[in-house]
Amino acid sequence: MIKIAPSILSADFADLGRDIQRVSSADWLHVDVMDGCFVPNITIGVPVVQSIRKHTDMFLDVHLMIEKPARYIEAFARAGADLLSVHLEADHPTGIAEALKKMEACRVKKAVALRPITKAEAVLPYLEGLDLVLVMTVEPGFGGQAFMEDQLNTVRRVRELIEQYNPACRLEVDGGIGPKTASAVIAAGADTLVAGSAVYGADDPAAAIAALREG
Ligand code: DX5
Ligand code: ZN
């Protein structure tokens, strides 16, 4: 079952409540947290996640693009995140393991994310304990970028590893996903599609969500 997770990075932050409502037919809500260090952009933090939680019952898929994310796991979990993803490039392996341990203790779903430069095999030390792997199909930092075709190979390889070691784990793709790329990522093995500009840039976001789900 394909899940669609609209990214509020493409929403109007001054009218966020309304823009969350506009995508309420989606499965998850994707929240991009950026610290200006791990990526060259700063977006939103814990208090905003807390406000979103009060506003919607949607599953909150929180993508942490921050250095040493273990420092903030409890805070985002308390704020109401349902799933947290940490980038494998954002800390040493011990820091990533610590972040995942904290997620377990906080009872949030556990995910790791890969920048385009990172090989699929980098997930192996963690894969058996994960709920989701997030493969970036653009360089993290900004919405509206062009899909990186080469990343289909990474998606395929991560799908193979998931089938081998943890078939229940979901495989999410993020970046440049729209009507032209959805079918290719689904064919490569993705089951969870993040889309920012393709959903919020559409005249009818609910129709855009339904179309993405069909691939
Ligand atoms: C980029 C973010 C994405 C972004 C995707 O670093 O992680 O979630 O919002 O935007 P689109 O779908 O416009 O590429
Ligand atoms: Zn994201």
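Scroll up a little and you will see the structure.
Residues numbered from 1 in each chain as written. Chains lettered and ligands numbered in written order. Predicted model: local features only at pLDDT ≥ 70, side-chain atom pairs only at ≥ 80, totals over all residues. Heavy atoms only, no water.

Asks: So what exactly am I meant to see when it comes to the sheet that holds strand E2 (residues 28-34) here?
Replies: Sheet strands line up and pair through hydrogen bonds in the backbone, either parallel or antiparallel. The 8 strands lie next to each other as E1-E8-E7-E6-E5-E4-E3-E2, forming an open sheet whose pairing is parallel. The sheet terminates laterally at strand E1 (3-6) and E2, the two strands that pair on one side only. In this sheet, adjacent strand axes meet at a mean angle of 25 degrees when their direction is disregarded. Of the pairings in the sheet, the one linking strand E4 (residues 83-87) to strand E5 (residues 109-114) comprises 5 bridges and is parallel in character. Counterpart to Ser85 in the pairing with E5 is Ala111. (Pairing = 2+ DSSP bridges. Helix = DSSP H or I, 4+ residues; strand = E, 2+ residues; numbered from the N terminus. Axes fitted to C-alpha atoms, helices over the stretch in contact; angles between N-to-C directions.)

Asks: Any chance you could explain the coordination of the zinc ion (ligand 2) here in plain terms?
Replies: For a metal with four tetrahedral donors the ideal donor-metal-donor angle is 109.5 degrees, while six octahedral donors give ideal angles of 90 or 180 degrees. Each protein donor to the zinc ion (ligand 2) is listed here as His30 (NE2), Asp32 (OD), His63 (ND1) and Asp174 (OD); together their distances run 2.0 to 2.3 Å. Taken together, the 6 donor atoms coordinating the zinc ion (ligand 2) span angles of 71 to 171 degrees at the metal, a pattern that classifies the geometry as octahedral. Sequence positions of the donors to the zinc ion (ligand 2) reduce to the motif H-x1-D-x30-H-x110-D. With His63 in strand E3 (residues 59-65) and Asp174 in strand E7 (residues 170-174), the pair connects residues that are 111 residues apart, well separated along the chain. Assessed through its relative accessible area of 0%, His63 is described here as buried. (Donors = N, O, S within 2.8 Å, 3.2 Å for Na, K, Ca; no water. Tetrahedral: all angles 85-135°; square planar, octahedral: opposite > 155°, others 65-115°. Buried < 20%, exposed > 50% of the residue type's maximum accessible area, 1.4 Å probe, protein only.)

Asks: Which parts of the structure should I look at to understand the site of ligand 1?
Replies: Contacts to ligand 1 come from 20 residues, most closely from Ser7, Gly141, Asp174, Gly196 and Ser197. Ser7 has a polar side-chain atom sitting 2.8 Å from an oxygen atom of ligand 1. A distance of 2.7 Å separates an oxygen atom of ligand 1 from a polar atom in the side chain of Asp174. Taken by itself ligand 1 offers 380 Å² of open surface, and the protein chains cover 100% of this. Given that more than half its atoms are within 2 Å of the pocket grid, ligand 1 belongs to the largest pocket. Only E2, E3 and strand E8 (192-195) provide two or more residues apiece to the shell around ligand 1. Broken down by element, the shell around ligand 1 gets its largest block of residues, 3 residues, from E2. Among the residues forming the shell around ligand 1, the class breakdown is 8 nonpolar, 10 polar and 2 charged. (Near = heavy atom within 4 Å. Polar contact = N/O pair within 3.5 Å; in protein donor to acceptor, adjacent residues only side chain to side chain. Areas by Shrake-Rupley, 256 points an atom, 1.4 Å probe, with all protein chains shown as cover. 1 Å grid on protein atoms, 1.4 Å probe; cavity = no way out; pocket = protein on both sides within 12 Å on 5 of 7 lines; lining within 4 Å. Sits in = over half its atoms within 2 Å of the grid points. Nonpolar A, V, L, I, M, F, W, Y, C, P; charged D, E, K, R; others polar.)

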